[in-house]
Each structure stands twice: as C-alpha cells, then as structure tokens.
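# Tertiary structure, described
What follows is each chain in one-letter form.
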Amino acid sequence: MGYEKSGLKAWLPVIGLTFSAFIFNTSEFIPIGLLSDIAADFSITESHAGLMITVYAWVVALASLPLMLVFAKTESKKLMLSITALFVVSHVLSGLASDFYMLMLSRMGVACAHAIFWSIVTPLAVKTAPEGKQSTALSFIVSGSSIAMIVGLPLGRTIGLYAGWRATFLIIGAVALIILCILAAVLKKTPGESNFSIRKLPALFKTPALLGIYLITVIAITGHFTGYSYIEPFMGQVAGMGSTLITLVLTLFGVVGIFGSVIFSKFYDRHPGFFIKYAVSGICISLLLLQAASFSIWSEFLLCVFWGLAINSYNLVFQSEIIRNAPQGTAVAMSIYSGIYNVGIGTGALVGGAVCDGTGIQYIGYVGGAIVLIALVYGAKKLFPVLAGK
C-alpha cells in the first residue's frame, strides 16, 4: 500500500512522521541528559530522580496494549493528531511542575501519548510510503529517533544547563506544536485496523517468532538500560568527563544511528543473520567493556560508536521482523512490543539505580552486560536461526 508517485510530495507523510519520531524520542530520553539537574533542583538523589524514567516506561508498558485495542479501529490521522496534542499539553505541565510528583504525573501523560504513538508510527509510515519503499520508510522513522540523539538530546541538555531543565520541556512542547501542524497538513486519512479484534489477540502469541522477539527484548533492553539510564553520571564520575564531553558522547549515539540506518536499508534484506546477531552481541560486549574503556576518552568514544550501532540495529531489526511476522494486526503486535520494550527500560533504570546505590555506579556495565548475555544465549539457541531463515 503506498502512493503512486515517488517524488517529494509522496514522501511528505513519511517526513512528517519522521519529525514526530524525532520529538517523541527526544522527550523519552531527555531525563537521562538532565538527571543530575532535576535531582539537584528537587533536592533528591539521582537514583530517586531515575524513578521518573522507570515510572514513565512502566506506564507505557501497561498502557500500550489496552490503549491500542481501544483505538485500533480509529482513523490513523485523527489518532496521531490527538496523541500529539496530548504530548504538547503534558510538556507544558512538565515545565510548570512545582514538585517532583507533579513532574512525574505530567510525564505519565507523555507516556500515554507515547504508548499509542510507537504502536502506530512505523506501520503508518510503511502504509504511506511510496510503493516498494517500505524498508526505507522504516529507516526514516528510526533515523528520526537517531537524530533526536544527535540534536534533540544534546540540545535539550545544553538548554537545561544554561536556562534550566524546565525550559527544555517547554521548548519540546513548542516544537511538538509545530510538528502537530505539519502532520495536520501532510497526513492523509488512513483507516485503522478494522479487521482486527480482541478475539484475534491469542493468535499473535501463538507465533513463535513474535514470542521470541518479545522475550529477548524484555531481557536485552533491561540490560541495555541498566547501563544507559545512568550514562550521564557514569561519564562524569567514572570516566571523569566534563559537561561538554558528556554531551558529545550522547550526540555520538545518534550520529552512528543515522549511519546504521543507511547500512540497514541497503543490506538487511541480503544479510539478516549478521544484523540480528550483531544487535544483541554488540550491546552485550559494549556494556561489559564500559568500565574498562573509561581509562581514556578516546576508548570511551569508540565504545559508544560500537554500542550506538548495536542498539540502533536492534531497534531496526526487531521492528522490521514484527511487521514481517504480523501482517494482520501489525499495530497491536507493535503495541505489545512497545510495551515489552518499555518494561525493559523501566526495569533497567530500576536495576541500574539499585547498582548505583549499592555496589557503585562503576559496575552498571557489568550488571547490564550479564543480563544481555542471557538474551544472547537464548537468541543464539532459539530465535536467531528462525529469523535469519526468513
């Protein structure tokens, strides 16, 4: 399904959705870049502030499937505009938060918008892409996420450092309002999944490939975010980096993500096995070497290139495989994936916080890497051969 033409006009819906992926992803991870400042402003510990990441992720996890089942038949443009509007309002409330709990509540509003957004954005991009350009459209969306790491997260962190973290949230809300207007102009009406009902839900769980993706995701993403949630204080306290270098490291994750998206769009269909294996093993190796690489700024930078490519590959590979393995009920299958992914984010942030308070922040990489190693062993035995053979 796609537009007949393949010129710029045909790509406008995908471009608009890419902008929305940029702002949603910037918002999701901006607390990581501002964690120390938020903690200081409310006179709480960084691990306490990190609960904001956990609660956000768990709200997404709990809300993704129920909300998607409720709105699965809603016309896609109307649904996208509605959740973007909720996103804007919630960020205004975040910027005006008088205490940590009000900030937490406003972030829960963002999480509800997030829960639906990541369930529908990739299937919608694939549907609205020019004919034969579905893989490219998917890489556009993930590139939008990567650009958020290049521009959104570092810029938001810089604004927070100079103007306060509240200004960052308010500016995100303002940019989202502009994107809302763009989406209203370029998106065409696209029917929801009228052929999917809750009675068909059990069939999704009977698909071995989908079950394998869901299981490996909750483990691997828990391990990844055990380390990544606290990368900002780790780089400062363990690697001895200043604010500018930390911002560069966070930017690097996004830069390599763009590069990884280009590689994926060109070579994944021919070499799926390599991408699948590298995605999980790369995250595992990066975490296990995190402390060892902290002796040098350059070694830490190189590690982040390797790590950034791995997590970018992970996001591309498994979203692509869900679309491939769930041609009917794609949005619902994606909502389950989004929910499970966010269970991993929330659990990882919680585990990482416990490590920081217990054995020390320098050990987050070892704990996270050990968790991802479990996913790697499972994948090598059960999942990778199934997916690579498709």
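The notes below deal with the structure included here. Just so you know, these numbers come straight off a predicted model, no measurement behind them.

### Thoughts on the overall build of the protein chain
- Broken down by element type, the protein chain carries 15 helices and 0 strands.
- Here the C-alpha atoms of the protein chain give a radius of gyration of 20 Å, agreeing with the 21 Å that 2.2 N^0.38 yields for 390 residues.
- Here the C-alpha coordinates of the protein chain stretch approximately 55 × 50 × 40 Å along the principal axes.
- Going through the 390 residues of the protein chain one by one, you find that 60% of them count as buried.
- In the protein chain, the share of contacts with a sequence separation of at least 24, taken over all contacts with a separation of at least 6, comes to 85%.

### Quick notes on the packing of helix 11 (residues 243-267) against helix 13 (residues 297-325)
- Interaxial distance between helix 11 and helix 13 falls to 8 Å at its minimum, and their mutual angle equals 45°. If you check the angle between helix 11 and helix 13, you find them oblique. Pair helix 11 / helix 13 crosses with right-handed handedness. When helix 11 is examined against helix 13, the residues L245, L248, V249, L252, F253, V256, G257, F259, G260, S261 and F264 are found in contact with a partner set consisting of I297, F301, C304, V305, W307, G308, L309, N312, L316, V317 and S320.
- Looking at the contact of helix 11 with helix 13 residue by residue, the classes come out as 16 nonpolar, 6 polar and no charged.

### Comments concerning the packing of aromatic side chains
- Enumeration over the complete set of coordinates arrives at 17 aromatic pairs.
- Where W11 meets F140, the ring centres are 5.2 Å apart and the plane angle is 20°; that geometry is what we call stacked. Remark: F140 occurs in helix 6 (residues 134-163) and W11 occurs in helix 1 (residues 8-41); sequence separation between them is 129 residues.
- Residue W11 is classed as buried on the basis of its relative accessible area, which comes to 13%.

### Concerning helix 4 (residues 76-95)
- The end-to-end C-alpha distance of helix 4, which contains 20 residues, comes to 29 Å, matching closely the 28 Å that a straight helix rising 1.5 Å per residue would cover.
- Buried residues of helix 4: S76, K77, L79, M80, I83, T84, F87, V88, S90, H91, S94 and G95, and no others.
- In this fold, the buried residues of helix 4 make contact with helix 1, helix 3 (51-71), helix 5 (100-128) and helix 7 (165-186).
- The N-capping residue of helix 4, defined by a side-chain oxygen 2.8 Å from the backbone nitrogen of K77, is E75.

### Here's the deal with the nonpolar core
- Judged by nonpolar contacts, the single largest core of 130 residues is most densely connected at M80, Y314 and F318.
- Discounting residues that sit within four places of it in the chain, F318 has contacts with I213, I216, V280, Y337, L383 and L387.

### Brief notes about the state of the cysteines
- Tallying each qualifying case throughout the model produces 0 disulfides.
- We note that C356 lacks a disulfide partner, and the nearest cysteine sulfur, in C304, lies 16 Å from it.

### Remarks on unusual backbone geometry
- Within the chain, S43 stands out as a residue other than glycine whose phi angle is a positive 55°.
- Summarising the element assignment, S43 is placed in the loop between helix 1 and helix 2 (46-49).

### What to know about the packing of helix 1 against helix 4
- With their axes 12 Å apart at the nearest point, helix 1 and helix 4 run at an angle of 35° to one another. Between helix 1 and helix 4 the crossing geometry is left-handed. The residues of helix 4 that touch helix 1, namely those facing L17, I23, F24 and S27, are M80, I83, T84, F87 and H91.
- The class makeup of the residues in the contact of helix 1 with helix 4 is 6 nonpolar, 3 polar and no charged.

### Side note on the pattern of salt bridges
- Scanning all chains against the criterion turns up 2 salt bridges.
- Ionic pairing is found between D41 and R166, a salt bridge with its closest N-O pair at 3.7 Å. Of the two residues, D41 is situated in helix 1 and R166 in helix 7; the sequence distance between them amounts to 125 residues.
- We classify D41 as partly exposed; its relative accessible area is 40%.
- E321 is paired through a salt bridge with R324; the nearest N and O atoms lie 3.3 Å apart. Taken as a pair, E321 and R324 lie in helix 13 at a separation of 3 residues, close to a single helical turn.
- Judged by relative accessible area, E321 falls into the buried class, the value being 0%.

### Things to note about the environment of P130
- With respect to the helices and strands, the residue P130 is situated in the loop between helix 5 and helix 6.
- Between the C-alpha atom of P130 and that of W11, which follows or precedes it by 119 residues, the distance is 6.9 Å.

### A short note on the environment of H48
- The residue H48 is located in helix 2 in this model.
- The class for H48 is partly exposed, based on a relative accessible area of 26%.
- Separated by 272 residues in the primary sequence, H48 and S320 have C-alpha atoms spaced 35 Å apart.
- Those residues in contact with H48 that sit more than four places away from it in its chain are F100 and Y101.

### Considerations on the side chain of S27
- Within the secondary structure, S27 is located in helix 1.
- S27 sits in the buried class, given a relative accessible area of 0%.
- Setting aside anything within four residues of it in sequence, one finds S27 in contact with F87, H91, R107, V110 and I172.

### Let's talk about the side chain of S94
- When you line up the elements, S94 lands in helix 4.
- Apart from residues lying up to four places away in sequence, S94 is in contact with L103, S106, R107, W165, R166 and F169.

Calculation rules
Residues numbered from 1 in each chain as written. Predicted model: local features only at pLDDT ≥ 70, side-chain atom pairs only at ≥ 80, totals over all residues. Heavy atoms only, no water. Helix = DSSP H or I, 4+ residues; strand = E, 2+ residues; numbered from the N terminus. Rg over C-alpha atoms; globule rule 2.2 N^0.38 Å. Buried < 20%, exposed > 50% of the residue type's maximum accessible area, 1.4 Å probe, protein only. Contact = heavy atoms within 4.5 Å. Axes fitted to C-alpha atoms, helices over the stretch in contact; angles between N-to-C directions. Parallel < 35°, antiparallel > 145°, perpendicular 65-115°, else oblique. Left-handed = near helix turned anticlockwise from the far one by under 90°. Nonpolar A, V, L, I, M, F, W, Y, C, P; charged D, E, K, R; others polar. Phe/Tyr/Trp six-rings, centres within 6.5 Å; stacked < 30°, edge-to-face > 60°. Expected span 1.5 Å × (residues − 1). Polar contact = N/O pair within 3.5 Å; in protein donor to acceptor, adjacent residues only side chain to side chain. Core = buried A, V, L, I, M, F, W, Y, C linked by side-chain atoms within 4.5 Å. Disulfide = S-S within 2.5 Å. Salt bridge = Lys/Arg side-chain N within 4 Å of Asp/Glu carboxyl O.

Spatial relationships are all this shows, so hold off on functional conclusions.
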